[in-house]
Protein chains: 2
Amino acid sequence: MKVLVVGGDGYCGWATALHLANRGYEVAIVDNLIRRNWDQLLGVDTLTPIAPIQKRLDKWFALTGKKIELYLGDITDYSFLEKTFRAFEPQSVVHFGEQRSAPYSMIDREHAVLTQVNNVVGTLNILYAIKDLCPDCHLVKLGTMGEYGTPNIDIEEGYITIEHNGRKDTLPYPKQPGSFYHVSKCQDSLNIHFACRVWGLRATDLNQGVVYGVLTEETGMDEMLINRLDYDGVFGTALNRFCIQAAIAHPLTVYGKGGQTRGFLDIRDTVRCVELAIANPAEAGKFRVFNQFTELFSVSELANLVQKAAQTLEMKVEIANYPNPRVELEEHYFNAKNTKLLDLGLEPHLLSNALLDSLLNFAIKYSDRIDRDQIMPKVKWK
Amino acid sequence: MKVLVVGGDGYCGWATALHLANRGYEVAIVDNLIRRNWDQLLGVDTLTPIAPIQKRLDKWFALTGKKIELYLGDITDYSFLEKTFRAFEPQSVVHFGEQRSAPYSMIDREHAVLTQVNNVVGTLNILYAIKDLCPDCHLVKLGTMGEYGTPNIDIEEGYITIEHNGRKDTLPYPKQPGSFYHVSKCQDSLNIHFACRVWGLRATDLNQGVVYGVLTEETGMDEMLINRLDYDGVFGTALNRFCIQAAIAHPLTVYGKGGQTRGFLDIRDTVRCVELAIANPAEAGKFRVFNQFTELFSVSELANLVQKAAQTLEMKVEIANYPNPRVELEEHYFNAKNTKLLDLGLEPHLLSNALLDSLLNFAIKYSDRIDRDQIMPKVKWK
């Protein structure tokens, strides 16, 4: 089966492209490499030294004999996207190709507008390309658990059955996104759902939690295939950042009280979840939503886990509570369902000391690349 | 109080700007006149001969001595918007300045993208302008009842209290928009709600039904103040279109079975609702939602009402069912609440033969301007 991985040069996209290629899918990558440019503009860099995409793909071919096509361009440019669809004729499209950082979207008005226009127009273009060029193609779109916010009731997978005044209906789960980036993901969900209802497209929205880890079977094959690992205040995410902070004896940066609970998953589960979604496509006209995480942790719990794992490596790590740059509840109810991917066969890699060890060791290995100035958050929500 | 009416050259915006000026508010209009350009590009025109905005405002001043400032420009251009805010220093912003036609948004990919980028970026810019320049300013934003779709449970005003697995929360009402235009309104609602939660802005979302009628106290003062009245397949809405069709003995164009039920209101209530929202602003940090309609009708019921009213004027009118260009349920449950504006003092102008008479007479008066080629819908949802 032919799978187009949009955003295939990014953290989740790169790992997914290689994984799918390794599992026998015919994979092509679409990317405009804008994320590398954003890093440069912000003066930040991945902990791990990632190779140029062309070199990555050459190495992958040399190691495996599997060719991954590369289409360099911007999906908000429809003529490029159309040409790519005509050339590759995808049967599945995995869409990671968005601005994916909440803090980035909150830098200022320009970054908020960039995030929403980029994400909404890119996804609209993909929907039109599928409708006009390959209407049977399955869209697997990366959403985020952050679309739901932190409601005081259980979070279901995309829809909720509501009884109200003696009547009943199953409706899209209410959204309370926590940044202009998270809003953009809700905006996408609305468009994709509409396209499925009206045009009969088939789509799966993967509302992903916070991804951690850096190694997958494929990216670990050679240093030239190494994945990016972000630790800066804009693109770094909780667990990855804590491990890198630990490696240089920087206090773990817990924002506020640290009671914020979120869904987490290992990047090895990200790639597997996408594979499961592709292998079990949505029916025509259906907009499926899967909550893609394996465990729930509060930020404080994560910090404590990293602290303990660091101690076993004889590293001394402090935890510090910093003023929260975000506007969010720091103590709240959070119970989200995640059975749909398990039902399809996902066998989670649970967070363990072993993983923390490997992440910590990675962080130590590349610790000379760490820029301490990039660790503290500079973007505030208000 | 100083009120900035964005989109003040449009159907609802023009009537509202004059009404507020008449009630003693200091009003300024922002408009880029793009709607007049869209008419030209589509080859359609309002039934009524509307004057240039400058002439309209000169006449208004001559008649009333009340000066309405005019700021010509595009709110997606932030430097223009910022200059306007600094010059006028609004205390309320009434935001009608969006692409407001569902069929227009469904013409093709370009029009879908234009609609969403125009609407989302314009509203984001207004939110940033309020936050940065006048954080106490009350945003009154025009939404649409079409955000809700046609759920099988009662439609509440913006929020619904859900009991689920023994817990309870009041959450944003689930949205099922029926076109890329309707999606854009949901996208706006997400951004405005977020800005209220995070920045403490105050906003009221007026989820308006289908507006009918052409005369208000102010626009009826002089033919130079006449409001637009659209009857074409792109910008025309149900009741207005039927009256104009009746005037030229064109069969009333009921799409599909005509069982589609929607909320309706007289344009004299639109202007009054906005006035009530402004006079009773939302608290800081609050995102209020009012459902702005006064009566529910199915499309068939409307057609029958127009047919009967036409008979009293000795006009013979047929009703015809045409293939529905939209994808929508033609028979469905629909029960929407609309008590919040009534509680603030709205006294509805209910649909009556008298109104139908006045609309029909208007249509007859200008019937030589009707282009029969523009009546049938040309834009299809799929």
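Residues numbered from 1 in each chain as written. Chains lettered and ligands numbered in written order. Predicted model: local features only at pLDDT ≥ 70, side-chain atom pairs only at ≥ 80, totals over all residues. Heavy atoms only, no water.

This next bit is on the side chain of Arg-35 of chain B. Residue and element names in this part refer to chain B. In this fold, Arg-35 is placed in helix α2 (residues 34–42). Among the polar contacts made by the side chain of Arg-35, one reaches the side chain of Asp-230 at a distance of 3.0 Å. Sequence-distant contacts of Arg-35, that is, excluding residues within four places in its chain, are made with Arg-100, Arg-228, Asp-230 and Phe-235. (Helix = DSSP H or I, 4+ residues; strand = E, 2+ residues; numbered from the N terminus. Polar contact = N/O pair within 3.5 Å; in protein donor to acceptor, adjacent residues only side chain to side chain. Contact = heavy atoms within 4.5 Å.)

Here chain A sits on chain B after a turn of 180 degrees about the axis and a move of 0.0 Å along it, with an RMSD of 0.0 Å. In the structure described here, the two chain copies are related by an operation that fits a two-fold rotation axis. Both copies contact each other with a shared surface, as 100% of the interface residues of chain A are interface residues in chain B too. (Least-squares fit on C-alpha atoms with pLDDT ≥ 70 in both.)

This paragraph deals with the nonpolar core. Counting residues in each nonpolar core, the largest one holds 118 residues, and the members touching the most others are Leu-4 of chain A together with Leu-4 of chain B. Excluding its chain neighbours within four sequence positions, the residues that come into contact with Leu-4 of chain B are Ala-28, Val-30, Tyr-71, Thr-84, Phe-85, Phe-88, Pro-90, Ser-92, Val-93 and Val-94 of chain B. (Core = buried A, V, L, I, M, F, W, Y, C linked by side-chain atoms within 4.5 Å. Buried < 20%, exposed > 50% of the residue type's maximum accessible area, 1.4 Å probe, protein only.)

Glancing now at the packing of helix α1 (residues 11–22) of chain B against helix α3 (residues 53–64) of chain B. A pair of packed helices is captured by two measures, namely the crossing angle of their axes and the spacing between those axes. Residues and elements named next belong to chain B. Direction vectors running N to C along α1 and α3 enclose 20 degrees, while the axes themselves pass 12 Å from each other. Taken together, the axes of α1 and α3 lie roughly parallel to each other. Remark: the crossing between α1 and α3 carries right-handed chirality. For the pair α1 and α3, the contacting residues are Trp-14, Leu-18, Ala-21 and Asn-22 in the first and Ile-53, Arg-56, Leu-57 and Trp-60 in the second. Grouping the amino acids of the contact of α1 with α3 by side-chain chemistry returns 6 nonpolar, 1 polar and 1 charged. (Axes fitted to C-alpha atoms, helices over the stretch in contact; angles between N-to-C directions. Parallel < 35°, antiparallel > 145°, perpendicular 65-115°, else oblique. Left-handed = near helix turned anticlockwise from the far one by under 90°. Nonpolar A, V, L, I, M, F, W, Y, C, P; charged D, E, K, R; others polar.)

Pairs of aromatic rings are described using the distance from one ring centre to the other and the angle between the two planes. Tallied over the entire structure, the rule returns 20 aromatic pairs over all chains. Ring centres of Phe-362 of chain A and Tyr-366 of chain A lie 5.7 Å apart, and the angle between their planes is 45 degrees; on these two criteria the pair is classed as tilted. Positioned over the ring face of Tyr-333 of chain B is Arg-167 of chain A, at 3.5 Å from the centre of the ring. If you follow Arg-35 of chain B out to its NZ or CZ, it ends over the ring of Phe-235 of chain B, 3.6 Å from the centre. (Phe/Tyr/Trp six-rings, centres within 6.5 Å; stacked < 30°, edge-to-face > 60°. Lys NZ or Arg CZ within 6 Å of the ring centre and 35° of its normal.)

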